[in-house]
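Structural overview for review
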Amino acid sequence: MSDPLDIVGFIIGVIGLLAVVCQLLYWTVQNRLPKAKLRVLEETLEETENFLTRCVEEGRLTDERKAVEFRDALDVDASANFAFRFYEREHTPTISGTWPTVCHSTRMTCASK
């Protein structure tokens, strides 16, 4: 027959295993959310901007037109990142539980139906 301590040990073991599985699942989901990916994108964008500035200062990028083109491309990426953050903020559920939507004709927040 099973000892009562064996049963308690088994139950505690199952609870511990479930806790570990839940933490791994939470970590996996958190790393796949847009906020985590945006954080990586922002770090990469900042690193790229610093690298471009350093290349221009050190004279490795001598063509001014290319430098301007690169800066324009980086500005487009930064503005797209800003637009996504604005969209994310506007489409977050409010406390009342309704989802605000953006009117395409007037670009203002409208109440959803």
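In what follows, the structure referred to is the one given above.
All residue numbers here refer to positions counted from 1 along the written sequence of the relevant chain. Local features are withheld for residues below a pLDDT of 70 in this predicted model, meaning they are given only at 70 or higher, and side-chain atom pairs are given and counted only at 80 or more; totals for whole chains, interfaces and linings count all residues. For side-chain calculations, the full set of non-hydrogen atoms in the structure is used, while hydrogens and water are omitted.

A word on the overall build of the protein chain
Going along the chain from the N terminus, every DSSP run of H or I of four or more residues is numbered as a helix, and every run of E of two or more is numbered as a strand. Counting secondary structure elements, the protein chain contains 3 helices and 2 strands. For the protein chain, the sequential pattern of α-helices and β-strands runs α-α-α-β-β. Think of it in three bands: residues with accessible area under 20% of the maximum for their type are buried, residues over 50% are exposed, and the middle band is partly exposed, with areas taken using a 1.4 Å probe on protein chains only. Considering the protein chain as a whole, with its 113 residues, one finds that 11% of them fall into the buried category. Put simply, 29% of the contacts in the protein chain that link residues at least 6 apart link residues at least 24 apart. Accessible surface, the protein chain as shown: approximately 9800 Å² in total, 64% of it carbon and sulfur. Here, two residues are considered to be in contact whenever any of their heavy atoms come within 4.5 Å of each other. The Shrake-Rupley method, run with a 1.4 Å probe sphere, supplies the accessible areas, and residue values consider only the shown protein chains as cover.

Side note on the nonpolar core
Here, nonpolar core means buried Ala, Val, Leu, Ile, Met, Phe, Trp, Tyr and Cys residues that are tied together by side-chain atoms lying within 4.5 Å of each other. Core analysis: the largest hydrophobic core is formed by 6 residues, namely L45, L52, C55, L61, A67 and L74. Contributing elements (two or more residues each) for this core: α2 (34-58) and α3 (64-90). Sequence-distant contacts of C55, that is, excluding residues within four places in its chain, are made with R60 and L61.

Topic: the packing of helix α1 (residues 4-32) against α2
Helix axes are fitted to C-alpha atoms over the stretch in contact, other axes to C-alpha atoms as well, and angles between N-to-C directions run from 0 to 180 degrees. Viewed as axis vectors pointing N to C, α1 and α2 meet at an angle of 55 degrees, and their least axial separation amounts to 4 Å. Here α1 lies oblique to α2, going by the angle between them. Here α1 contributes Q30, N31 and R32 to the contact with α2, which in turn contributes P34, A36 and K37. Basically, the charged four are Asp, Glu, Lys and Arg, the nonpolar ten are Ala, Val, Leu, Ile, Met, Phe, Trp, Tyr, Cys and Pro, and anything else, Gly included, counts as polar. Among the residues forming the contact of α1 with α2, the class breakdown is 2 nonpolar, 2 polar and 2 charged. An angle below 35 degrees is read as roughly parallel, one above 145 as roughly antiparallel, one from 65 to 115 as roughly perpendicular, and any other as oblique.

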